[in-house]
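A structural walkthrough
Single-letter residue listing:
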Amino acid sequence: MRLFFENKAITGILAVVPDKEILFDDEIENYEFSKETSLKLKHTMGYNAHRVFEESVCISDVAVFAINKLIDSGKIDRDSIDALILVTETPDYIMPPTSNVIQGQLGLKEDMICLDINQGCAGFEVGLIQSFMLLEQENINRVILINGEMLSRKVSKRDRNSYPLIGDAVTITVVEKRKDNGSIYANIRMDGSNCFAIQIPAGGLRQPSSPATSEMHRDSFGNWRSEDNLVMKGDEVFMFVQKKVPPLIRDILDFSGFDSDEISYFMFHQPNKFMVNKLADKLKIPREKMPSNIVENFGNSSGATVPLNISYNLADSLKERSMWLCMAGFGVGLVWSSMVMKVGPLKFCDIIEFGIGNS
Amino acid sequence: MKEKILEILVGLRPEFDFTQSVNFIEEGMLDSFDVVSLVSELEDKFGILIDGEDIIPENFSSIDAIIRIVEKSEKA
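Some points on the sheet that holds strand β1 (residues 2–6) of chain A
Residue and element names in this part refer to chain A.
- As summarised here, the arrangement of the five strands in space is β1-β9-β16-β15-β14, forming an open sheet in which the pairing is mixed. On the outer flanks of this sheet lie β1 and β14 (265–268), each paired with one strand and no other. Neighbour-to-neighbour, the strand axes of the sheet open up by a mean angle of 20 degrees, direction not taken into account.
- The pairing of β14 with strand β15 (residues 323–331) spans four bridges and is classified as parallel. Each bridged residue has a counterpart across the sheet, and for phenylalanine 266 the counterpart in β15 is cysteine 326.
- Across the face of the sheet, helix α6 (residues 234–256) comes into contact with β1, β9 (183–190), β14, β15 and β16 (335–343) while running at roughly 35 degrees to β16.

Here it is in structure tokens:
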């Protein structure tokens with residue numbers, strides 16, 4: 001599905017990462033694989049360092065900390081927030097919505113909308129699409145989009161295929177009405193028939209968590225996980241990305257009328273370094289125009305990877321000037337979505353750390 | 001080429017005898033992450049780039065299948 005928007009802009013991005021960094025080299029002993037095999041994967045997949053929040057920290061703690069920082073520093077006015085969208089798979093509660101928790105803790109006005117959206121790897125694009133739709137309303141001028149994940153707690157620490165790749169992060173993106181920011185082109189596709197390619201089997205009403213679901217089982221390759229843990233069919237997900245994403249990007253370029261060399265950067269979700277590099281090669285896009293360094297420095301934080309990617313790689317440029325970016329997210333759902341839009345100059349584009357002392 | 005490929009496979013999974021297997025994937029000798037490591041080593045060793053769409057289990061299920069995909073990538 002193609003979507004088109006005008007007179008809207010991203011005006012600032014603040015990414016919050018945990019101050020706790022875990023190095024793959026320090027956790028190799030947790031896995032039932034030879035050190036040599038694991039080190040080969042380190043190089044190829046980008047296993048290096050990943051950031052995880054302490055177990056007591058929840059999305060609302062980090063989001064409130066970050067948004068208060070923006071308010072206290074005068075970057076946004078508390079009463080100007082007309083909508084708060086939280087995209088996450090790891091909310092504080094099943095009920096109430098975590099966006100309402102955040103609204104209450106921030107002391108925001110009653111005359112606004114709060115929305116929780118359960119989406120994963122394409123969560124930034126889904127959140128932006130929702131933000132743009134809300135901004136079509138006369139009374140909504142500023143949306144705060146929060147993308148946050150605490151998935152490290154849902155992945156087994158003895159799962160060598162997933163744990164080294166997982167990172168926690170929360171990003172705050174301010175989306176506003178702005179005239180003359182150019183057109184925004186988006187496309188999005190979904191395949192629920194393959195939704196269990198990436199899943200956490202237990203913990204919902206279909207299969208509540210219990211002592212039985214927390215029992216650890218060894219797969220045939222030596223990874224240990226329980227029904228409470230994230231499990232991914234790696235080969236299916238890889239093929240999904242390689243088959244579905246290149247046509248998606250060709251479609252968004254066709255829709256927007258841009259050639260790939262007219263796009264300054266391709267800021268994609270980063271499941272792992274190998275997959276991003278394969279996409280760049282397939283699309284004949286120079287690897288330096290499609291950064292793949294988020295997993296090796298922070299881990300894959302699902303819907304937060306694209307704004308973190310932008311903050312980590314383009315902050316200095318985007319605070320000075322605008323550029324046309326192609327963004328894309330793909331994964332859980334299965335959902336795949338991309339967007340071409342002009343981004344910048346941004347009022348802020350930063351990364352800060354959050355530790356237990358901040359909560 | 002066959003010897004080089006066998007050397008890579010043994011390096012990845014020294015516990016298996018790849019010369020005695022009919023299908024590395026179906027017999028549980030390689031998982032998707034082993035295939036990623038295998039692709040990376042094949043690319044380094046043979047100076048090729050394997051297309052992402054060719055990274056499917058059947059192309060890495062036997063020595064002959066791997067030779068075919070290396071030769072295809074060399075021609076690309």
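Side note on the state of the cysteines
Residues and elements named next belong to chain A.
- All chains considered together, the criterion is met by zero disulfides over all chains.
- Looking at cysteine 114, it has no disulfide partner, and the nearest cysteine sulfur is the one in cysteine 58, 18 Å off.
- With no disulfide of its own, cysteine 326 lies closest to cysteine 121 among cysteine sulfurs, the gap being 17 Å.
- For cysteine 326, a relative accessible area of 0% gives the class buried.

Details of the pattern of salt bridges
Residue and element names in this part refer to chain A.
- Here the structure, examined in full by the defined rule, presents 22 salt bridges over all chains.
- As a salt-bridge pair, glutamate 353 and arginine 51 come within 3.0 Å of each other at their nearest N and O atoms. You can see glutamate 353 sitting in strand β17 (residues 348–354) and its partner arginine 51 sitting in strand β4 (residues 49–51), a full 302 residues away along the chain.
- Residue aspartate 219 pairs with arginine 225 through a salt bridge whose shortest N-O separation is 3.6 Å.
- Under the relative-accessibility criterion, arginine 225 is labelled buried at 15%.
- One continuous salt-bridge network, built from bridges that share partners, spans Arg2, Arg189, Asp251 and Asp254.

Looking at the nonpolar core
- Ranked by internal contacts, the top residues of the largest apolar core, which has 71 residues, are Ile249(A), Phe268(A) and Leu42(B).
- Discounting chain neighbours no more than four positions away, the residues touching Ile249(A) are Phe266(A), Phe268(A), Leu283(A), Cys326(A), Ala328(A) and Ser338(A).

Looking at the packing of helix α3 (residues 59–72) of chain A against helix α4 (residues 98–106) of chain A
Residue and element names in this part refer to chain A.
- At their nearest, the axes of α3 and α4 sit 10 Å apart, and the two run at 40 degrees to each other. In terms of orientation, α3 lies oblique with respect to α4. Classified by chirality, the crossing of α4 by α3 is right-handed. For the pair formed by α3 and α4, the contact residues are Ser60, Ala63, Val64, Ile67 and Asn68 on the first element and Thr98, Val101, Ile102, Gln105 and Leu106 on the second.

Brief notes about the sheet that holds strand β8 (residues 169–177) of chain A
Residues and elements named next belong to chain A.
- Pairing in this open sheet of six strands is mixed, and the strands run β6-β5-β7-β8-β2-β17 from one edge to the other. Edge positions in the open sheet fall to β6 (113–117) and β17, since each of these has one partner strand only. When the angles between neighbouring strand axes are averaged without regard to direction, this sheet yields 15 degrees.
- Where strand β2 (residues 8–18) and β17 come together, seven bridges link them in parallel fashion. Each bridged residue has a counterpart across the sheet, and for alanine 15 the counterpart in β17 is isoleucine 351.

Things to note about the interface of chain A and chain B
- With 24 residues of chain A at the contact, the number on the chain B side is 24 residues.
- With both chains or domains summed, chain A and chain B bury close to 2,000 Å², and 61% of this area falls on carbon and sulfur atoms.
- Of all residues in chain A, the largest losses of buried area upon contact with chain B belong to Lys40(A), Phe221(A) and Lys278(A), amounting jointly to 28% of the total for that side.
- In this structure, the connection of chain A to chain B is made through three salt bridges.

Description of the packing of helix α1 (residues 2–12) of chain B against helix α3 (residues 63–75) of chain B
All names here are of chain B.
- Two elements in contact, α1 and α3, have axes whose closest approach is 10 Å; the angle formed by their N-to-C orientations is 110 degrees. When the axes of α1 and α3 are compared, the pair comes out roughly perpendicular. With respect to the hand of their crossing, α1 and α3 are arranged in right-handed fashion. Here Lys2, Ile5, Leu6 and Leu9 of α1 lie close against α3, whose contacting residues are Ile63, Ile66 and Ile67.
- When grouped by side-chain class, the residues that make up the contact of α1 with α3 number six nonpolar, no polar and one charged.

A word on empty space enclosed by the protein
Residue and element names in this part refer to chain A.
- Enumeration according to the criterion identifies one cavity of 30 Å³ or more in this entry.
- In this structure, the largest cavity encloses a volume near 40 Å³.
- Taken together, Pro18, Asp19, Lys20, Val52, Phe53, Glu54, Val57, Phe354, Gly355 and Ile356 form the lining of the largest cavity.
- Taken together, the residues of the lining of the largest cavity break down into six nonpolar, one polar and three charged.

Calculation rules
Residues numbered from 1 in each chain as written. Chains lettered and ligands numbered in written order. Predicted model: local features only at pLDDT ≥ 70, side-chain atom pairs only at ≥ 80, totals over all residues. Heavy atoms only, no water. Pairing = 2+ DSSP bridges. Helix = DSSP H or I, 4+ residues; strand = E, 2+ residues; numbered from the N terminus. Axes fitted to C-alpha atoms, helices over the stretch in contact; angles between N-to-C directions. Contact = heavy atoms within 4.5 Å. Disulfide = S-S within 2.5 Å. Buried < 20%, exposed > 50% of the residue type's maximum accessible area, 1.4 Å probe, protein only. Salt bridge = Lys/Arg side-chain N within 4 Å of Asp/Glu carboxyl O. Core = buried A, V, L, I, M, F, W, Y, C linked by side-chain atoms within 4.5 Å. Parallel < 35°, antiparallel > 145°, perpendicular 65-115°, else oblique. Left-handed = near helix turned anticlockwise from the far one by under 90°. Buried area = accessible area lost by both parts, 1.4 Å probe. Nonpolar A, V, L, I, M, F, W, Y, C, P; charged D, E, K, R; others polar. 1 Å grid on protein atoms, 1.4 Å probe; cavity = no way out; pocket = protein on both sides within 12 Å on 5 of 7 lines; lining within 4 Å. Points joined across faces, edges and corners; volume = space filled by probe spheres on them.

These values are about where atoms sit, not about what they do.
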